[in-house]
Amino acid sequence: MERIRSVGGEHDNPGFDPSLDEPPVYEEADHRAVRPSVVSAFGHDTLDRVPNIDFYRNAGSVSGHRAVRPSLQELHDVFQKQNGGISVPDTVNDDGEGSDGTPSDDLESAVPADNKEGTIKFGWIRGVLVRCMLNIWGVMLFIRLSWIFGHTGWGLGIVVVVLSCVVTTITGLSMSAICTNGVVRGGGAYYMISRSLGPEFGGSIGLIFALANAVAVALYVVGFAETVVELLEDHDLVMVSVVNDIRIVGCITVVLLLAISVAGMEWEAKAQIVLLVILLVAIVNVFVGTFIPVTDHKKSQGIFNYQSNVFLENFTPDFRDGETFFSVFAIFFPAATGILAGANISGDLRDPQAAIPKGTLLAILITGITYLAVGLCVSATVVREATGNITDIVTAGMVCNGSSVAACELGYDFSSCAVEKCKYGLINNNQVMTMVSGFGPLIIAGTFSATLSSALASLVSAPKVFQALCKDNIYKILHFFAKGYGKNNEPIRGYVLTFIISVAFILVGDLNVIAPIISNFFLASYALINFSCFHASYAKSPGWRPAYKFYNMWLSLAGALLCCVVMFVINWWAALLTYGIEILLYIYVKVKKPDVNWGSSTQAVTFVSSVSNALSLSGVEDHVKNFRPQILAMTGSARSRPALLDLAHSLTKNYGLCIACEVFEGPRSETLEEMNGNMEKNQLWLRKTKRKAFYAAVACNCFREGAESLLQASGLGRMKPNTLMVGFQRNWRTAGVDAVQSYVGVLHDALDFEYGTVILRTKQGLDVSHIVEAEEETLKAARVQQAMDNDMMPNGGKAKGLFSKSRKSSKQVLTTRVSVCGPPPQEVAKMNERLMEASSQFQKKQPKGTIDVWWLFDDGGLTLLLPYILTTRKKWKDSKLRIFIAGQPGRCEQDKQEMKSLVQKFRINCTDINVIDNINAPPRADSYKKLEDMIEPFCLHEASKDTAQAGAMRKEQPWKITDEELSTFEEKTSLQVRLNEVLQEHSKSANLIIVSMPIARKESVSDFLYMAWLDILTKDLPPTLLIRGNHKSVLTFYS
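Regarding the sheet that holds strand β12 (residues 1024-1028)
Strands belonging to one sheet form pairs held by backbone hydrogen bonds; the direction of such a pair is parallel or antiparallel.
Argument step 1. Spatial strand order, β5-β4-β3-β6-β7-β12-β11-β8-β9-β10: ten strands in an open sheet with mixed pairing. The strands lining the two open edges of the sheet, one partner per strand, are β5 (694-700) and β10 (912-916). Averaged over neighbouring strand pairs, the angle between their axes works out to 20 degrees when direction is ignored.
Argument step 2. Pairing geometry for strand β7 (residues 756-761) and β12, over five bridges, is antiparallel. Counted as the bridge partner of R761 is T1024 from β12.

Brief notes about a nonpolar patch on the surface
Argument step 1. On the surface, a cluster of nonpolar side chains totalling about 570 Å² of accessible area is made up of V513, F568, W572, W573, L576 and L577.
Argument step 2. Per-element tally for the nonpolar patch: the top contributor is helix α18 (residues 572-592), with four residues.
Argument step 3. Tracing the backbone through its elements, the reader meets L577 in helix α18.

Quick notes on the pairing of β5
One face of the sheet, then the other: side chains in a regular strand alternate in exactly this way.
Argument step 1. Across the seven residues that make up β5, a large majority, six, are buried.
Argument step 2. With seven bridges connecting them, strand β4 (residues 658-665) and β5 associate as parallel partners. Residue pairing across strands places A660 opposite Y695, the latter belonging to β5.
Argument step 3. Following the chain from β4 across helix α21 (residues 668-688) to the adjacent parallel β5, one finds a crossover that is right-handed.

Structural notes on helix α27 (residues 826-839)
Counting along an α-helix, one turn takes 3.6 residues, and residues three or four places apart therefore face a common direction.
Argument step 1. Spanning 14 residues, α27 covers 20 Å between terminal C-alpha atoms, matching the ideal 20 Å at 1.5 Å per step.
Argument step 2. Those residues of α27 that sit buried are N832, L835, A838 and S839. Along the axis of α27, the buried residues cluster in a sector spanning 125 degrees; they form a single face. Opposite the buried face of α27, at more than 90 degrees from it, the exposed residues are Q826, E833 and E837.

Section: the nonpolar core
Argument step 1. One finds W137, L141, L145, F332, L340, Y371 and L523 to be the most contacted residues of the largest nonpolar core, which totals 145 residues.
Argument step 2. Sort the elements by how many residues they give to this core and helix α5 (residues 199-234) lands first, with 16 residues.
Argument step 3. For L141, the residues in contact, after removing those within four places along its chain, are I283, T370, Y371, V374 and M433.
Argument step 4. Listed in part, the 57 residues of the second largest apolar core include W732, M997, M1011 and L1014.

Comments concerning the pattern of salt bridges
Argument step 1. Counted under the stated rule, the structure contains 18 salt bridges.
Argument step 2. Ionic pairing is found between E490 and K464, a salt bridge with its closest N-O pair at 3.5 Å. Of this pair, E490 sits in the loop between α14 (440-471) and α15 (492-507) while K464 sits in helix α14, and the two are 26 residues apart along the sequence. Like K464, E490 is buried.
Argument step 3. E898 is the partner of R891 in a salt bridge, and the nearest nitrogen-oxygen pair spans 3.4 Å.
Argument step 4. Via salt bridges that share partners, D318, R320 and E385 belong to a single interconnected network.

Scoring rules and cut-offs
Residues numbered from 1 in each chain as written. Predicted model: local features only at pLDDT ≥ 70, side-chain atom pairs only at ≥ 80, totals over all residues. Heavy atoms only, no water. Pairing = 2+ DSSP bridges. Helix = DSSP H or I, 4+ residues; strand = E, 2+ residues; numbered from the N terminus. Axes fitted to C-alpha atoms, helices over the stretch in contact; angles between N-to-C directions. Patch = residues over 30% accessible without salt bridge, like charges linked within 9 Å, V, L, I, M, F, W, Y side chains within 5 Å. Areas by Shrake-Rupley, 256 points an atom, 1.4 Å probe, with all protein chains shown as cover. Salt bridge = Lys/Arg side-chain N within 4 Å of Asp/Glu carboxyl O. Buried < 20%, exposed > 50% of the residue type's maximum accessible area, 1.4 Å probe, protein only. Right-handed = clockwise from strand over helix to strand, strands pointing away. Expected span 1.5 Å × (residues − 1). Arc of directions from axis to C-beta. Core = buried A, V, L, I, M, F, W, Y, C linked by side-chain atoms within 4.5 Å. Contact = heavy atoms within 4.5 Å.

The structure is reproduced here in structure tokens:
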């Protein structure tokens, strides 16, 4: 049996293009290839398939072909066979879901732009460990580490290094948990944060993280250039001036680094290996130098071999020049901010899930031990201050005291350093490592290696992260930079942009000001990585199943807070600036609402919070002060009755529940597919048009059964509808008995279930479904024709010449197809135009006028509360309340004062209160004649017949209005006619009329008579709301 694609399966709509604003179009597709059933492991023919990884791939997966399991309908529907086969597809051919111009559900589903054969992929050592170590081992190791240990002493120096490692280790553990919770693609920190916390956080941090890496290139290159220029100065080889030489050397260096990066990741990786070897040799050189016997010249500079007294003297801190522990920590910590170097090229790793945790954590351990070892070595061999004068030796009988006791005990007198500043020692000389080492030039080479490796890592990281951000199209203006080139999809455009930014900062920027901002940008990324891990764990989503288990949600939260504290420790104004930029970018992305769904933990926490709040709310008794209308609006399709939906939305806005409901009438087997297909489409339309409402639909045999189901089952806990809102059935005289009975039956059911009931009537009517359907048919025909045009022309319809004629004839076909039914008559077109204009009347700001409230019967206050709520909305703020009540002749003033007092106690402002004392007067004959003409076709007229004949007529047509019924309810019938006359007299120019809805007693008032009451009451009036509360108070004057 061949089956058409149903709405339910995951493979149902391969043509869905997420770049379109419209929801998926569920239309008939070509029949799927027939596939016979297979003999399974269970020993019999079956359509069921055993679990397989291919069933779980995204469409267009780069790591394998997606297979499609049989849908539930194919297994559950009535079994039919044709030619010995059953229509179930083995696979779905990927058709490019998710274009480069749109955010795809996941980069797993991105179709690769180029052939991936020969792509360079790195393991955990070259890809992560080497990069992280090179980035963490910076100039700090050779230039500033001795200065840091000189101020803090090796006791607090260990604290500085360990505290930095604690921050980075916690971040590494959090990152390990995140990257082992599913496939990791290119984008590093941005990818992990965006997929964990959503596009708002990911988009904001991704942009500033990419910028931080780009500017960091300038920082590292300037560090390299300054060292080169110092050497030039020492040899009198300055080209122009010191500042300009730094700029020249810096620009040349960036060009060379760019050439290495553009050449490809393989060349960049080779360069990193060379730099690592140089760096390792330089580090070993330091340790070797501490064992080489020192000369007298070096001793005069404060350098000795390992001495216990020097080591003990350097244990305690000795802060100078206003430095504190926190200021020294702020100087050291940026050296530890290279832990994301491996994660940033996650797209170029062979197995990022295994490589990132292993390489990053091992790099933190190795570099942390290195910093501690080097710091302790120099603390045991170099004193804090020395004169450099070989003649400053201890004389006989001299007492060793003061700050240079250890040097004194070793025979050198550096006491003069307490009076005037000396040039040597841990605190005073940044070249201590060069002097301690076995071969000084190797330290210079190590400094070059550290700066160049960090610059190269940043130059690669910035474009990679930026490319991933641009591919997701969160900032549409940046999508130009998403394109990649070559077998590794290299972001050449991103390289050029990074080059321009780095050169600009080398030439213009004040890097001393920029440096703390960059450090804060990196720390903000660390904080969000930690928070992502905490957030995902806190949400307890079943999808949070990281393979890496050595993490703790509270430790991650502590790590996030620690990162935020360190940001302020480093520089408070830079921290505030970072937060400000991130908040602005977050708001921008939030407002733009990118069309992506990555299953973020934010969604999970929102769900958990919603369930928790709903459960908490269910344990609280309702209170009249907290009453708000929760509306069940019988709109049909969300687009069918926009005026009804807009008015309901004005009443609930963001503060109450509004459910747009539709009943699909007919056998479930026939209506279920249509209902399922409309669910997503209608909810998407509500979201796009910013109607804060839900869409609900049921499939039932008749309208009343469906409405009854919705009245009983809609809502959750205390968040249940309490007010039914329907449109007035204008065609009740021609709709048929069943339709009228169903409509009135729904009103009876609402009152039985103690719902407040609201009926809206407008002069032009509410239902625009026929116009919406015509528009959809036209759009559908246009899409089909466009597809035909594209099929007829190569390159997506861009060809010229010969094919342009085919395109023209296709348009003629489209015109013929759309207008096959001919244009509507002019009268119908005008009527449709008026209807569409009326349907949008509640979307617009209402003109100055009044909302007339005819509060005739006390129903608990709903008739007064709803118009008051409307006046609090921006669109209705120029409409003033006028209240009309029925009064007795002779006591109008008293009735008015009583109502005025009541309204004041309710704290509701109204401009006027009118007492109508002649409502009980008989209506005019011509008005009553309209009612008689209205009900004439539905009257039984049994009074003129004999008893037997009258009984037979009642039995045969029980729904008709009997003479006895007309006589019994003559006064109430006359009242509705009279009320219409009074409404015409007093409220003809109102923006909106609110009237207490008459109630028809069950099994006493026939459905057609009740419809006649509602019709005559609201006839020829401005938009009118008939309201009847459930007779429970919704207003109170108590505090």
